[in-house]
Amino acid sequence: MARTRKIIKNSVHRALNAIGDRWSQLILEEAFRGVTRFEDFRARTGAPRNTLSTRLRGLVANGILEQRAHREGAARQAYHLTEMGLGLFDSVLIAWCWGIRWDEVSPNGPAGLAHTTCGRSMLPQMICTHCGGDISLHSCSHRPGPGAGFEEMQVTRLHRRRQPAGDDASARPVSDVIDMTGDRWTGMIISTQYFGIHRFDDIQAMLDIATNILTDRLRALVANGVFERRLYEMSPPRYEYWLTKKGKDLYPHALALLLWADRWLADASGPPVEVIHNACGKPVSAAVVCSECRVPLLLDTVTERRPKERAKA
Ligand SMILES: [Zn+2]
Ligand SMILES: [Zn+2]
C-alpha cells in the first residue's frame, strides 16, 4: 500500500525511504556481518517470515541487496549487498558509534568496536576529507543546492500501526539506536531540526505526516533524550522541540545518509541541499575513520565486541 505526499526535496528522506524501518536496518547490519541466507537472517534478527520476506524484497527493489543463486544451480537464493548497499557502511558505523556512546545499544548491536589495522578499541568518527577536521552539526552549514524544491514521494506503508495509541504506545516510549537511526519517520522528524523547524505544526506541514504518528514519535524522542521540549506559549501551553547534545550527536548519521542518497538517489538536477564544512569552506565530502589512528574504516577491518549476555550464550 502506498500513498504519495508532496514534500521538500531532502536526501535524508530519500535514504530513509529506501531503507525503510527497524527490520530493514537490522537486516542491513546482518548483511554487513556476512549473512546472506534467508534462514540466517531470520535467526539473527528474529523477524517473522512474512516480515523478513517483505523487507528483503524492498531492499532488493531499492537496489541495496541483490539476489544470487546460493550456489551453482541451486534453487535457493542468497542476498548480497550491492555496491550501492555497501555504501551504507558509513551510516551503520556511525549508528553503532552513537549506540555505544549513549548507551543505547540494541540487542543485536555491538557493545564495543575495535580496528584490526591499529589493534585498538575505537569509535568511528566522521571527518572532512578536504581538511581532515571533525564533522558535527555545529561545524557544518546548509544551503539550498541546485536540486532544491519539492517532490512527490511515494511512501510505502510497511505495516499498520503497531497498536492503537494510548496505554500500549506509552508503555514502551524509550527505544534504542535502531529506532533512532532506522525508523523512517523518526529520522525525518530529527532532520527537520537541521532546517530550524521546531514547532509541531511546522514539522507536520514539512513532512505531511499524520498527527498521531508525529505525536507518537515526538514522545519517543523526548523520552529517549534526543529532543527536549521548550515552552513557548503559556496558555494553552505549547512546546517547541529542540535537539539535545545527544540528539545533535546523530547529525553525522544523517549526513552519512544524505551523502549516500546524493550519490545513489539524486535526480538530474543535483543535490537538494549543499552541506558546507565551515572549517575549510568546501562542500562536505566525508569519511568515517578510526578515532585512534584516523585511518578510514573498511568493512574487513572492524571487529565487534558483543554485549555480555550474548557472549555467554
Ligand atoms: Zn573541511
Ligand atoms: Zn585504528
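It should be emphasised that the depicted structure is a prediction, and the values quoted were computed from it without experimental measurement. (Residues numbered from 1 in each chain as written. Chains lettered and ligands numbered in written order. Predicted model: local features only at pLDDT ≥ 70, side-chain atom pairs only at ≥ 80, totals over all residues.)

**Q** I'm lost on the overall build of the chain in this one. Help?
**A** What the chain contains, in helices and strands, is 14 helices and 14 strands. Taken over the C-alpha trace, the chain has a radius of gyration of 19 Å; the compact-globule value for 313 residues is 20 Å, and the two agree within 12%. Its C-alpha atoms give the chain principal-axis dimensions of about 65 × 50 × 45 Å. Buried residues in the chain amount to 35% of all 313 residues. Within the chain, counting contacts between residues at least 6 apart in sequence, those at least 24 apart form 70% of the total. (Helix = DSSP H or I, 4+ residues; strand = E, 2+ residues; numbered from the N terminus. Rg over C-alpha atoms; globule rule 2.2 N^0.38 Å. Buried ≥ 20, exposed ≤ 12 C-beta atoms within 10 Å, placed from the backbone. Contact = placed C-beta atoms within 7 Å.)

**Q** Just checking my understanding: could you explain the sheet that holds strand β5 (residues 120-122) for this structure?
**A** Strand pairing in a sheet takes place through backbone hydrogen bonds and is either antiparallel or parallel in direction. Read across the sheet, three strands follow the order β5-β4-β14 without closing on themselves; strand pairing throughout is antiparallel. Sheet topology places β5 and β14 (302-305) at the edges, where each strand pairs with a single neighbour. Going from strand to strand, the sheet's axes swing by 40° on average, the running direction of each strand aside. The pairing of strand β4 (residues 112-115) with β5 spans three bridges and is classified as antiparallel. (Pairing = 2+ DSSP bridges. Axes fitted to C-alpha atoms, helices over the stretch in contact; angles between N-to-C directions.)

**Q** When you look at the nonpolar core in this model, what are you seeing that I'm missing?
**A** Soluble globular proteins: nonpolar side chains tend toward being buried together. Grouped together as the largest cluster of nonpolar side chains are 66 residues, with contacts concentrated most on A15, L255, L257 and L258. Among the elements that line this core, the one with the most residues is helix α13 (residues 251-264), at 10 residues. (Core = buried A, V, L, I, M, F, W, Y, C linked by C-beta atoms within 7 Å.)

**Q** Mind showing me how you'd approach the packing of helix α2 (residues 22-32) against helix α3 (residues 38-45) here?
**A** Working note: a packed helix pair is described by the angle between its axes plus the distance between those axes. Orientation of α2 relative to α3, taken along the N-to-C sense of each, is 115°, at an axis distance of 10 Å. Taken together, the axis directions place α2 and α3 in an arrangement best described as roughly perpendicular. Where α2 crosses over α3, the two elements pack in a sense that is right-handed. Judged by residue contacts, W23, L26, I27 and E30 of α2 engage F41, R44 and T45 from α3. (Parallel < 35°, antiparallel > 145°, perpendicular 65-115°, else oblique. Left-handed = near helix turned anticlockwise from the far one by under 90°.)

**Q** Got a minute to help me understand the environment of L299 in this structure?
**A** Of note, L299 is situated in the loop between β13 (286-290) and β14. Residue L299 is classed as partly exposed on the basis of its C-beta count, with 13 C-beta atoms lying within 10 Å. Along the chain, L299 and F32 lie 267 residues apart, while their C-alpha atoms are 7.5 Å from each other. Not counting residues up to four positions away in its chain, the partners in contact with L299 are F32 and F89.

**Q** Hey, could you run me through the pairing of β13 in this one?
**A** Note on strand geometry: in a regular strand, side chains alternate between the two faces of the sheet. When you tally the buried positions in β13, you get four out of five residues, the bulk of the element. Sheet topology places strand β6 (residues 124-128) next to β13; five bridges connect them, and they run antiparallel. The partner of C128 across the bridge, within β13, is A286.

**Q** Can you help me understand the environment of N224 in this one?
**A** Structurally, N224 is set in the loop between α11 (211-223) and β9 (227-233). Owing to 21 C-beta atoms within 10 Å, N224 belongs among the buried residues under this scheme. When the C-alpha atoms of N224 and G247 are compared, they prove to be 9.3 Å apart, with 23 residues separating the residues in sequence.

**Q** When you look at the sheet that holds strand β7 (residues 140-144) in this model, what are you seeing that I'm missing?
**A** One open sheet accounts for three strands, arranged β7-β11-β12; its pairing is antiparallel. Two strands bound the open sheet, and with one partner strand each, they are β7 and β12 (282-283).

**Q** Would you mind showing me how to read helix α4 (residues 49-61) here?
**A** An α-helical turn contains 3.6 residues, so any two residues separated by three or four positions project in the same direction. Taking 1.5 Å per residue, 13 residues should reach 18 Å; α4 reaches 18 Å between its end C-alpha atoms and fits that length. All of the buried residues along α4 are R55, L56, G58 and L59. Down the axis of α4, the sector holding all buried residues measures 160°, keeping them to one side. Seen from the open side of α4, the exposed residues pointing more than 90 degrees away from its buried face are R49, N50, R57 and A61. The inward-facing, buried residues of α4 contact α2, β2 (65-69) and β3 (77-81). Positive backbone phi, approximately 80°, marks G63, located one or two places after α4. (Expected span 1.5 Å × (residues − 1). Arc of directions from axis to C-beta.)

**Q** How should the packing of helix α9 (residues 184-192) against α11 be read in this particular structure?
**A** With their axes 10 Å apart at the nearest point, α9 and α11 run at an angle of 75° to one another. Viewed along their axes, α9 and α11 adopt a mutual orientation that is roughly perpendicular. Counting all contacts with α9, which are made through W185, T186 and I189, the residues of α11 involved are I213, L214, R217, L218 and L221. Here the residues of the contact of α9 with α11 are counted per class, giving six nonpolar, one polar and one charged. (Nonpolar A, V, L, I, M, F, W, Y, C, P; charged D, E, K, R; others polar.)

Worth remembering: the numbers are spatial, not functional.
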